[in-house]
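Here's the letter readout for the chains.
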Amino acid sequence: MYEGVVQDLIDELGRLPGVGPKSAQRIAFHLLQSDPVDVRRLVTALGEVIEKVRFCEVCGNVSADEQCKICRDPRRDPAVLCVVEEPKDVVAIEKTREFRGRYHVLGGAISPIEGVGPDDLRVRELVTRLASGEVTEIILATDPNLEGEATATYLARLLKPMGLRVTRLASGLPVGGDLEYADELTLGRAFEGRRLLDV
Ligand SMILES: [Zn+2]
(Lines give C-alpha, C1' and ligand atoms only; values in the text may rest on other atoms or scores of the structure.)
Protein backbone atom coordinates (compact mmCIF):
# COMPACT_ATOMS: atom_id res chain seq x y z
CA MET A 1 0.00 0.00 0.00
CA TYR A 2 2.84 2.37 0.84
CA GLU A 3 6.30 2.64 -0.58
CA GLY A 4 9.19 0.55 0.63
CA VAL A 5 10.36 1.30 4.15
CA VAL A 6 7.07 2.80 5.33
CA GLN A 7 5.22 -0.38 4.38
CA ASP A 8 7.98 -2.46 6.03
CA LEU A 9 7.44 -0.51 9.25
CA ILE A 10 3.68 -0.98 9.07
CA ASP A 11 4.12 -4.72 8.44
CA GLU A 12 6.49 -5.12 11.40
CA LEU A 13 4.24 -3.15 13.76
CA GLY A 14 1.27 -5.21 12.57
CA ARG A 15 2.97 -8.35 13.83
CA LEU A 16 2.89 -7.13 17.43
CA PRO A 17 0.18 -8.63 19.67
CA GLY A 18 -3.00 -6.57 19.76
CA VAL A 19 -1.93 -4.32 16.88
CA GLY A 20 -4.18 -4.67 13.84
CA PRO A 21 -3.46 -3.21 10.39
CA LYS A 22 -5.18 0.09 11.21
CA SER A 23 -3.30 0.58 14.46
CA ALA A 24 -0.03 -0.36 12.74
CA GLN A 25 -0.64 2.35 10.19
CA ARG A 26 -1.53 4.88 12.88
CA ILE A 27 1.61 4.10 14.92
CA ALA A 28 3.80 4.21 11.80
CA PHE A 29 2.57 7.68 10.84
CA HIS A 30 2.85 8.85 14.42
CA LEU A 31 6.52 7.81 14.37
CA LEU A 32 7.10 9.48 10.99
CA GLN A 33 5.81 12.74 12.39
CA SER A 34 7.58 12.47 15.75
CA ASP A 35 10.73 14.22 16.83
CA PRO A 36 13.63 12.03 15.55
CA VAL A 37 15.13 12.21 19.07
CA ASP A 38 12.08 10.42 20.50
CA VAL A 39 12.17 7.78 17.77
CA ARG A 40 15.89 7.20 18.40
CA ARG A 41 15.13 6.61 22.08
CA LEU A 42 12.61 3.93 21.08
CA VAL A 43 15.18 2.36 18.74
CA THR A 44 17.75 2.33 21.56
CA ALA A 45 15.28 0.71 23.96
CA LEU A 46 14.48 -1.99 21.39
CA GLY A 47 18.16 -2.61 20.75
CA GLU A 48 18.93 -2.87 24.46
CA VAL A 49 16.15 -5.40 24.95
CA ILE A 50 17.80 -7.67 22.39
CA GLU A 51 21.26 -7.21 23.85
CA LYS A 52 20.68 -7.10 27.57
CA VAL A 53 17.50 -8.90 28.52
CA ARG A 54 17.55 -12.62 28.86
CA PHE A 55 15.66 -15.26 30.77
CA CYS A 56 16.68 -16.49 34.20
CA GLU A 57 18.35 -19.88 33.84
CA VAL A 58 16.59 -21.13 36.96
CA CYS A 59 13.00 -19.89 36.78
CA GLY A 60 12.56 -18.53 33.25
CA ASN A 61 11.62 -15.03 34.37
CA VAL A 62 13.04 -12.06 32.45
CA SER A 63 16.35 -11.11 33.93
CA ALA A 64 19.32 -8.81 33.39
CA ASP A 65 21.70 -11.52 34.65
CA GLU A 66 22.02 -15.29 34.43
CA GLN A 67 19.73 -15.53 37.44
CA CYS A 68 16.89 -13.12 38.21
CA LYS A 69 16.66 -11.01 41.36
CA ILE A 70 14.11 -13.32 42.98
CA CYS A 71 16.19 -16.46 42.47
CA ARG A 72 19.24 -14.68 43.86
CA ASP A 73 17.42 -13.39 46.94
CA PRO A 74 18.34 -15.60 49.94
CA ARG A 75 15.32 -14.32 51.89
CA ARG A 76 12.91 -16.06 49.51
CA ASP A 77 11.55 -19.38 50.77
CA PRO A 78 13.05 -22.15 48.61
CA ALA A 79 10.44 -24.67 49.81
CA VAL A 80 7.49 -23.05 48.00
CA LEU A 81 7.37 -22.72 44.25
CA CYS A 82 4.70 -20.77 42.41
CA VAL A 83 4.18 -21.89 38.80
CA VAL A 84 2.95 -19.20 36.40
CA GLU A 85 2.49 -18.89 32.66
CA GLU A 86 4.35 -15.68 31.86
CA PRO A 87 6.81 -13.22 33.41
CA LYS A 88 3.97 -10.67 33.65
CA ASP A 89 2.26 -13.01 36.12
CA VAL A 90 5.31 -12.84 38.38
CA VAL A 91 4.94 -9.06 38.42
CA ALA A 92 1.22 -9.33 39.24
CA ILE A 93 1.86 -11.71 42.15
CA GLU A 94 4.82 -9.71 43.48
CA LYS A 95 2.52 -6.69 43.71
CA THR A 96 0.27 -8.52 46.17
CA ARG A 97 3.21 -9.02 48.62
CA GLU A 98 1.50 -12.27 49.72
CA PHE A 99 4.08 -14.62 48.36
CA ARG A 100 7.61 -15.10 49.69
CA GLY A 101 8.61 -18.23 47.81
CA ARG A 102 10.11 -18.61 44.37
CA TYR A 103 8.68 -18.90 40.87
CA HIS A 104 8.76 -21.09 37.82
CA VAL A 105 7.68 -19.51 34.54
CA LEU A 106 6.30 -22.00 32.02
CA GLY A 107 6.33 -19.71 29.01
CA GLY A 108 2.66 -20.29 28.17
CA ALA A 109 -0.12 -22.79 28.78
CA ILE A 110 -1.21 -26.08 27.26
CA SER A 111 -3.50 -25.36 24.32
CA PRO A 112 -4.43 -28.17 21.91
CA ILE A 113 -6.07 -25.62 19.59
CA GLU A 114 -2.86 -23.64 19.23
CA GLY A 115 -0.76 -26.79 19.18
CA VAL A 116 0.98 -26.07 22.49
CA GLY A 117 1.80 -29.18 24.49
CA PRO A 118 3.82 -29.79 27.68
CA ASP A 119 7.00 -30.20 25.63
CA ASP A 120 6.65 -26.63 24.38
CA LEU A 121 6.61 -25.31 27.94
CA ARG A 122 9.33 -25.31 30.62
CA VAL A 123 7.91 -28.45 32.24
CA ARG A 124 11.08 -30.51 31.94
CA GLU A 125 13.03 -27.70 33.62
CA LEU A 126 10.45 -27.70 36.42
CA VAL A 127 10.84 -31.43 37.05
CA THR A 128 14.63 -31.07 37.02
CA ARG A 129 14.37 -28.26 39.55
CA LEU A 130 12.34 -30.45 41.90
CA ALA A 131 14.94 -33.23 41.91
CA SER A 132 16.92 -31.64 44.76
CA GLY A 133 13.97 -32.15 47.13
CA GLU A 134 14.16 -28.58 48.44
CA VAL A 135 10.68 -27.71 47.19
CA THR A 136 7.79 -29.14 49.23
CA GLU A 137 4.83 -27.10 47.96
CA ILE A 138 3.87 -26.17 44.42
CA ILE A 139 1.28 -23.44 43.92
CA LEU A 140 -0.27 -23.66 40.48
CA ALA A 141 -1.04 -20.06 39.54
CA THR A 142 -1.84 -20.52 35.87
CA ASP A 143 -4.61 -18.32 34.44
CA PRO A 144 -8.21 -19.09 35.48
CA ASN A 145 -9.23 -19.96 31.91
CA LEU A 146 -9.51 -23.17 29.88
CA GLU A 147 -5.80 -23.41 28.96
CA GLY A 148 -4.67 -22.44 32.47
CA GLU A 149 -6.93 -25.05 34.09
CA ALA A 150 -5.77 -27.73 31.66
CA THR A 151 -2.15 -26.88 32.46
CA ALA A 152 -2.81 -26.95 36.22
CA THR A 153 -4.50 -30.36 35.96
CA TYR A 154 -1.68 -31.74 33.85
CA LEU A 155 0.97 -30.50 36.29
CA ALA A 156 -0.93 -31.70 39.36
CA ARG A 157 -1.10 -35.22 37.91
CA LEU A 158 2.59 -35.07 37.11
CA LEU A 159 3.78 -33.64 40.41
CA LYS A 160 1.56 -35.21 43.07
CA PRO A 161 3.13 -38.67 42.74
CA MET A 162 6.43 -36.97 43.60
CA GLY A 163 5.07 -36.42 47.12
CA LEU A 164 4.63 -32.67 46.78
CA ARG A 165 1.85 -30.59 48.26
CA VAL A 166 0.15 -29.24 45.13
CA THR A 167 -2.22 -26.30 45.56
CA ARG A 168 -4.24 -24.12 43.24
CA LEU A 169 -5.18 -20.48 43.82
CA ALA A 170 -8.61 -20.10 45.42
CA SER A 171 -11.64 -19.23 43.38
CA GLY A 172 -12.68 -15.60 43.39
CA LEU A 173 -10.43 -14.87 40.47
CA PRO A 174 -12.47 -13.86 37.45
CA VAL A 175 -13.09 -17.05 35.49
CA GLY A 176 -11.92 -17.00 31.90
CA GLY A 177 -9.61 -14.14 32.72
CA ASP A 178 -5.96 -13.42 32.84
CA LEU A 179 -4.05 -13.45 36.12
CA GLU A 180 -2.52 -10.05 35.46
CA TYR A 181 -5.95 -8.40 35.29
CA ALA A 182 -6.96 -9.52 38.77
CA ASP A 183 -6.67 -6.71 41.28
CA GLU A 184 -4.04 -7.05 44.00
CA LEU A 185 -6.54 -7.68 46.79
CA THR A 186 -8.34 -10.48 44.91
CA LEU A 187 -5.09 -12.10 43.88
CA GLY A 188 -3.72 -11.80 47.41
CA ARG A 189 -6.84 -13.47 48.85
CA ALA A 190 -6.63 -16.20 46.22
CA PHE A 191 -3.16 -16.98 47.57
CA GLU A 192 -4.28 -17.16 51.16
CA GLY A 193 -7.21 -19.39 50.26
CA ARG A 194 -5.32 -21.74 47.97
CA ARG A 195 -6.63 -25.29 48.07
CA LEU A 196 -5.11 -28.72 47.65
CA LEU A 197 -5.76 -30.22 44.25
CA ASP A 198 -7.42 -33.61 44.02
CA VAL A 199 -6.46 -35.36 40.84
ZN1 LIG B 1 14.82 -16.65 38.41
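Definitions and limits used
- Residues numbered from 1 in each chain as written.
- Predicted model: local features only at pLDDT ≥ 70, side-chain atom pairs only at ≥ 80, totals over all residues.
- Heavy atoms only, no water.
- UniProt positions renumbered as here; feature names shortened; annotations may be inferred.
- Helix = DSSP H or I, 4+ residues; strand = E, 2+ residues; numbered from the N terminus.
- Salt bridge = Lys/Arg side-chain N within 4 Å of Asp/Glu carboxyl O.
- Donors = N, O, S within 2.8 Å, 3.2 Å for Na, K, Ca; no water.
- Tetrahedral: all angles 85-135°; square planar, octahedral: opposite > 155°, others 65-115°.
- Buried < 20%, exposed > 50% of the residue type's maximum accessible area, 1.4 Å probe, protein only.
- Phe/Tyr/Trp six-rings, centres within 6.5 Å; stacked < 30°, edge-to-face > 60°.
- Pairing = 2+ DSSP bridges.
- Contact = heavy atoms within 4.5 Å.
- Axes fitted to C-alpha atoms, helices over the stretch in contact; angles between N-to-C directions.
- Left-handed = near helix turned anticlockwise from the far one by under 90°.
- Nonpolar A, V, L, I, M, F, W, Y, C, P; charged D, E, K, R; others polar.
- Core = buried A, V, L, I, M, F, W, Y, C linked by side-chain atoms within 4.5 Å.

Taken from the UniProt record, the annotation "zinc finger region: C4-type" (unreviewed entry) applies to residues 56-71. The distance from the first to the last C-alpha atom of residues 56-71 is 8 Å, and the span holds 19% helix and 12% strand.

What follows covers the pattern of salt bridges. Enumeration according to the criterion identifies nine salt bridges in this entry. Connected through salt bridges with shared partners, the residues E137, R165 and R194 form a single ionic network.

Taken together, the protein donors to the zinc ion comprise C56 (SG), C59 (SG), C68 (SG) and C71 (SG), at separations of 2.3 Å. Relative to the metal, the four donor atoms surrounding the zinc ion lie at angles of 104 to 118°, and the coordination shape comes out tetrahedral. The motif formed by the donor residues of the zinc ion, counted along the single chain, is C-x2-C-x8-C-x2-C. Both residues of the pair, C56 and C59, count as buried.

Right, let's get into the packing of aromatic side chains. Throughout the structure, instances matching the rule amount to two aromatic pairs. Seen in terms of ring centroids, F99 and Y103 are 5.2 Å apart; in terms of plane orientation they differ by 65°. Their pairing is edge-to-face. An identical accessibility class is assigned to F99 and Y103; each is buried.

Time to look at the pairing of strand β3 (residues 80-84). Across the five residues that make up β3, a large majority, five, are buried. With burial as the criterion, each face of β3 is covered, one bearing V80, C82 and V84 and the other bearing L81 and V83. As judged from the four bridges shared by β3 and strand β5 (residues 137-140), these two strands associate in the parallel manner. Bridging across to β5, V80 finds its partner in E137.

Mapping C56 onto the fold places it in the loop between β1 (54-55) and β2 (62-63). For C56 and V123, which are 67 residues apart along the polypeptide, the C-alpha to C-alpha distance reads 15 Å. Non-local contacts of C56, meaning those with residues more than four positions away in its chain, are made with N61, S63, E66, Q67, C68, C71 and R122.

The interhelical angle for the contact between helix α6 (residues 123-130) and helix α7 (residues 146-159), taken along N-to-C directions, is 35°, at an axis separation of 12 Å. As for how α6 packs across α7, the hand of that crossing is right-handed. In contact with V123, L126, V127 and L130 of α6, α7 contributes Y154, L155, L158 and L159. Residue composition of the contact of α6 with α7, by class: eight nonpolar, no polar and no charged.

Moving on: the nonpolar core. Formed by 23 residues in total, the largest nonpolar core has its most connected members in C82, V84, I93, F99, Y103 and L169. Within the residue set of this core, elements represented by two or more residues are α4 (69-72), β3, α5 (87-96), β4 (102-105) and α8 (184-192). Leaving out residues up to four positions away in the same chain, Y103 has contacts with C59, I70, R76, L81, C82, V84, V90, I93, E94 and R129. Formed by 18 residues, the second largest nonpolar core is a distinct cluster that contains V135, I138, L140 and V166.

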